[in-house]
Amino acid sequence: MLANQIYLYNTLTNKKEKFIPIDENKIKMYVCGVTVYDYCHLGHGRSYVVWDVWKRFFISQGFDVFHIQNFTDIDDKIIRRANEEKVNWKDLTEKFIDAYFEDLDKLNVLRASLYPKATDYIDEIISIIQGLMEKGYAYRAGDDIVFSIKRFEGYGKLSGKSIGDLIENHRVESSSLKENPLDFVLWKSSKPDEPSWDSPFGKGRPGWHIECSAMSLKHFGSPFDIHAGGQDLIFPHHENEIAQSEGYTGNKFVNYWLHNGFVMISGEKMSKSLGNFKTLRDIYKIYDPMVLRLFILSSHYRSPVMFNVENLASAKEAWDKIKNTLDVCTSFGLINGNKDNVPSNFVNALCDDLNTPLALSFIFEKIRYVNSIINDYEKNPLKEYEINISSNIDEILSMIDILGLKYTSDVLFYSREKLTADFASYNFNDVNFELFECLNNKKIFQLISYREFFKQKKSYDLSDKIRDFFNKKGYALEDLPRGVRIKKR
RNA sequence: GGCGACGUGGCCAAGCGGUAAGGCAAGGGCCUGCAAAGCCCUCAUUCCCCAGUUCGAAUCUGGGCGUCGCCUCCA
């Protein structure tokens, strides 16, 4: 039995709705993937992090999630890019599929259940197009097959547009062969030198929208629970998917349409067409992927989010704050790794259309609480403090796990007893740093022990020299009441 | 032009009818040989402006002003 009622904002109804899956505890979720002709940018990163958190949250609430995310591996842009780079289109798409996984794995995005590629579903695409022609929804326009939007009642219901307005404001010159400028291509005839597939309509390739219908209908049927993607896909992509899918099946296509907001850069939407995009791999050169993830989750998923160095720096400090506490608890041996203890206020926040900023605030409140107990514990190492710290750390780890924030300890802790054990054999008053150019754990320990020695003799200039040496090597030394903590910066 | 979203402290950002969460930054104190990390305290009588509804509004209604998005390939 699932205890918590989840609410989500459905673009189809423009309302926050109770989430009721078709099968009681199974969720069929289709996420629009990338067209693989370039590296993923921040906008992709935000989108897939958001859907990843939705998925992790569903799983944490006891649902089985079947998650499909496609790769569009044939279209005009791919063909153009392949020609520019004088490579085979197939090699190009494989390269960027590999790059997709490399970049999104770093963001700790869980793998989908299935990653279908458009070109593996040509047969299914063809039979849908044939079905649409038989039902009168599609017709031949020159060598192409196009969908007739005016024959589909309810066109515009997702994006809230009327056909009349759309036609009036249509900015793109339309092919004179189409009955209506908004009719969209289902099957696009190919030129002799372009990749093509045989079909009853002639050699060609699928239009953009049809692949998602083919792949989701094949694996899910209709209706299915959730179809998600960026807000830029609402029109025309998802509108067209509804038209062709519902025209073909006669059933409702999708129950809940979810869309994430844009990444903004200097006040404008970041996009391929504006050319103002930053790739994930560029960001990773400056910031830890988890910093990016925290930055993304600091805003609600439907709001626009402003990308700039100040906001990223703020996210970095916040992530360091969480990691510091976890590091300190690691150094005390107070982390036992139980991740099944999620506070109810956190769950409630996510139940309300995935309110991650609110959810994060509960993590920070708990971090501060744990830190205050650590302060007491350092002065007075009582067992009751340890129990309290451990149980709160369990909750923190449970929460960051649902948000997909991956903590890895990069801290070493040496107790004062260990550091002072060999003092009897120390009879020097300087350090030859040349011997420590190549640091390993043994040498790190030695240096820290020497520093303890100099500190005890109150030779603070020497102890500070050692700390400066570590700083230059990229390590930060911190004195705790019961020993020394060292971490990579 | 049509449709839609938004405007909360120096910055980011929740709250959406019951008297302003959280993060970053800043200032003061504690701890420290000094640091770092951390703790404590301070930091919006007020939520773009104006009018209205209400016992009560940042939250609802109407009108302004401003920003952004979609209407074309885009997550």
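Up top is the structure these notes are about.
Quantities reported herein were computed from a predicted structural model and do not represent experimental measurements.

Turning next to the nonpolar core. Nonpolar side chains tend toward joint burial in soluble globular proteins. Counting 130 residues, the largest nonpolar core has Trp-51, Trp-54, Phe-58, Ile-226 and Ile-363 as its most contacted members. Viewed by domain, this core spans two of them, domain 1 (20-269) and domain 2 (319-409), each represented by three or more residues. Residues contacting Trp-51, with those up to four places away along its chain left out, are Met-29, Val-31, Ala-228, Gly-229, Leu-258, His-259, Asn-260 and Tyr-301. Ranked by size, the runner-up nonpolar core spans 21 residues in total, among them Tyr-414, Phe-423, Leu-447 and Phe-470.

Turning to the environment of Thr-72, a few remarks are in order. Along the polypeptide, Thr-72 turns up in the loop between β4 (64-69) and α2 (76-84). Look at Thr-72 and you get buried, because its relative accessible area is 2%. Along the sequence, Thr-72 and Gly-33 sit 39 residues apart, while their C-alpha atoms lie 7.1 Å from each other. With residues up to four places along the chain from it excluded, the contact list for Thr-72 reads Val-34, Thr-35, Val-36, Ile-78, Trp-208 and Glu-211.

Our next topic: the packing of aromatic side chains. Scanning the model with the defined rule gives 40 aromatic pairs in all. Ring centres of Phe-71 and Tyr-100 lie 5.3 Å apart, and the angle between their planes is 85 degrees; on these two criteria the pair is classed as edge-to-face. Taken together, the residues span a long stretch of sequence, with Phe-71 in the loop between β4 and α2 and Tyr-100 in helix α3 (residues 89-106) at a distance of 29 residues. Overall, Phe-71 belongs to the buried group, its relative accessible area being 2%. Each member of the aromatic cluster is reached from another via a ring pair, and the members are Phe-19, Trp-51, Trp-54, Phe-58, Phe-63, Tyr-256 and Tyr-301.

This part takes up the pattern of salt bridges. All chains considered together, the criterion is met by 34 salt bridges. Beyond isolated ion pairs, a larger network of salt bridges with shared partners links Asp-76, Lys-188, Lys-191, Glu-194 and Arg-205.

Before going further, it helps to examine the packing of α2 against α3. For the pair α2 and α3, interaxial distance at closest approach is 9 Å and the crossing angle is 105 degrees. Viewed along their axes, α2 and α3 adopt a mutual orientation that is roughly perpendicular. Residue-level inspection shows Ile-78, Arg-81 and Ala-82 of α2 in contact with α3, the latter providing Trp-89, Leu-92 and Thr-93. Among the residues forming the contact of α2 with α3, the class breakdown is 4 nonpolar, 1 polar and 1 charged.

Cut-off values and rules
Residues numbered from 1 in each chain as written. Chains lettered and ligands numbered in written order. Predicted model: local features only at pLDDT ≥ 70, side-chain atom pairs only at ≥ 80, totals over all residues. Heavy atoms only, no water. Core = buried A, V, L, I, M, F, W, Y, C linked by side-chain atoms within 4.5 Å. Buried < 20%, exposed > 50% of the residue type's maximum accessible area, 1.4 Å probe, protein only. Domains from an automatic or database assignment. Contact = heavy atoms within 4.5 Å. Helix = DSSP H or I, 4+ residues; strand = E, 2+ residues; numbered from the N terminus. Phe/Tyr/Trp six-rings, centres within 6.5 Å; stacked < 30°, edge-to-face > 60°. Salt bridge = Lys/Arg side-chain N within 4 Å of Asp/Glu carboxyl O. Axes fitted to C-alpha atoms, helices over the stretch in contact; angles between N-to-C directions. Parallel < 35°, antiparallel > 145°, perpendicular 65-115°, else oblique. Nonpolar A, V, L, I, M, F, W, Y, C, P; charged D, E, K, R; others polar.

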